[in-house]
Amino acid sequence: MPLGLTLAPKVLASKTLTSWVTPVAHWYANLAGYRKYGLKYDDLVIEEYEDALHRLTPREQYDRAYRMKRASHASVLHNVLPKEEWTTPQEDVRFLTPHVNEVEKEDKEREMWDTVFVSRK
């Protein structure tokens, strides 16, 4: 998995685990501080997923560039954004994950076809 190991399906399958883990996850995400700069989790991905980034819609690309520019401006000023401009947990969705999974699937398929041995009859 390119975005890392995840226990989310197992946690979400159990109501008890979900009720315990969700507050800790929100606390950790707020502690990370990226939401205070208006960023989403997938904005933190370095350009290693360049193929997936190119598959974003023009609107998603513009929104990501705007969030990055606004966050870097706030960082230069050594100040966080006003509280009403912070990213809320409901807005912080993994928008890049489907594209990364698609690229990974295509890479596996390409590797499979590149290693096919063809023999003459």
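Structure's up top.
Residues numbered from 1 in each chain as written. Predicted model: local features only at pLDDT ≥ 70, side-chain atom pairs only at ≥ 80, totals over all residues. Heavy atoms only, no water.

Student: How should I be thinking about a nonpolar patch on the surface in this particular structure?
Tutor: Where nonpolar side chains cluster on the molecular surface, the patch consists of Val24, Trp27, Tyr28 and Leu31 and spans about 500 Å² of accessible area. Looking at where Trp27 falls in the secondary structure, it is placed in helix α2 (residues 15-32). You can call Trp27 exposed: its relative accessible area is 54%. (Patch = residues over 30% accessible without salt bridge, like charges linked within 9 Å, V, L, I, M, F, W, Y side chains within 5 Å. Areas by Shrake-Rupley, 256 points an atom, 1.4 Å probe, with all protein chains shown as cover. Salt bridge = Lys/Arg side-chain N within 4 Å of Asp/Glu carboxyl O. Helix = DSSP H or I, 4+ residues; strand = E, 2+ residues; numbered from the N terminus. Buried < 20%, exposed > 50% of the residue type's maximum accessible area, 1.4 Å probe, protein only.)

Student: Whenever I open this one, helix α5 (residues 97-114) confuses me. Can you help?
Tutor: Between its terminal C-alpha atoms α5 stretches 25 Å, which fits the 26 Å expected from 18 residues at 1.5 Å a residue. When α5 is considered as a whole, its buried residues turn out to be Thr97, His99, Val100 and Val103. Projected down its long axis, α5 carries its buried residues within an arc of 160°, all on one side. In α5, the exposed positions that point more than 90 degrees away from the buried face belong to Pro98, Lys105, Lys108 and Trp113. (Expected span 1.5 Å × (residues − 1). Arc of directions from axis to C-beta.)

Student: Where do I start with the nonpolar core in this structure?
Tutor: Note that soluble globular proteins tend to have their nonpolar side chains buried in a common cluster. Counting nine residues, the largest nonpolar core is built from Val45, Tyr49, Ala52, Leu53, Leu56, Phe95, Leu96, Val100 and Val103. Of all elements in the fold, only α3 (50-54) and α5 reach the threshold of two or more residues within this core. Setting aside anything within four residues of it in sequence, one finds Val45 in contact with Arg64 and Leu96. (Core = buried A, V, L, I, M, F, W, Y, C linked by side-chain atoms within 4.5 Å. Contact = heavy atoms within 4.5 Å.)

Student: Any chance you could explain helix α4 (residues 58-76) here in plain terms?
Tutor: Every α-helix winds through 3.6 residues per turn, so residues three or four apart in the chain are directed the same way. Between its first and last C-alpha, α4 extends 27 Å over 19 residues, near the 27 Å set by a 1.5 Å rise per residue. For α4, every residue scored as buried is listed here: Arg64, Arg67, Ala71 and Ala74. Within α4, the buried residues cover an arc of 100° as seen down the axis, which keeps them to one side. Exposed side chains of α4 directed beyond 90 degrees from the buried face belong to Pro58, Tyr62, Lys69 and Val76. In this structure, the buried residues of α4 make contact with α3. Two residues or fewer past α4, His78 is found with a positive phi of approximately 55°.

Student: Help me understand the packing of aromatic side chains in this model?
Tutor: For any two aromatic rings, the description comes down to two numbers: the centre-to-centre distance and the angle of the planes. What the rule picks out here adds up to one aromatic pair. With a centroid separation of 6.3 Å and an interplanar angle of 65°, the aromatic rings of Tyr34 and Tyr41 are classed as edge-to-face. You can call Tyr34 buried: its relative accessible area is 9%. A residue is classified by how much of its surface remains accessible, and Tyr41, at 38% relative accessible area, is partly exposed. (Phe/Tyr/Trp six-rings, centres within 6.5 Å; stacked < 30°, edge-to-face > 60°.)

Student: What am I meant to see in the side chain of Asp43 here?
Tutor: With respect to the secondary-structure elements, Asp43 resides in the loop between α2 and α3. Look at Asp43 and you get buried, because its relative accessible area is 2%. A polar contact of 2.9 Å, which involves the side chain of Asp43, links it to the backbone nitrogen of Lys40. Each residue touching Asp43, except ones within four places of it in the same chain, is listed here: Arg64, Arg67, Met68 and Phe95. (Polar contact = N/O pair within 3.5 Å; in protein donor to acceptor, adjacent residues only side chain to side chain.)

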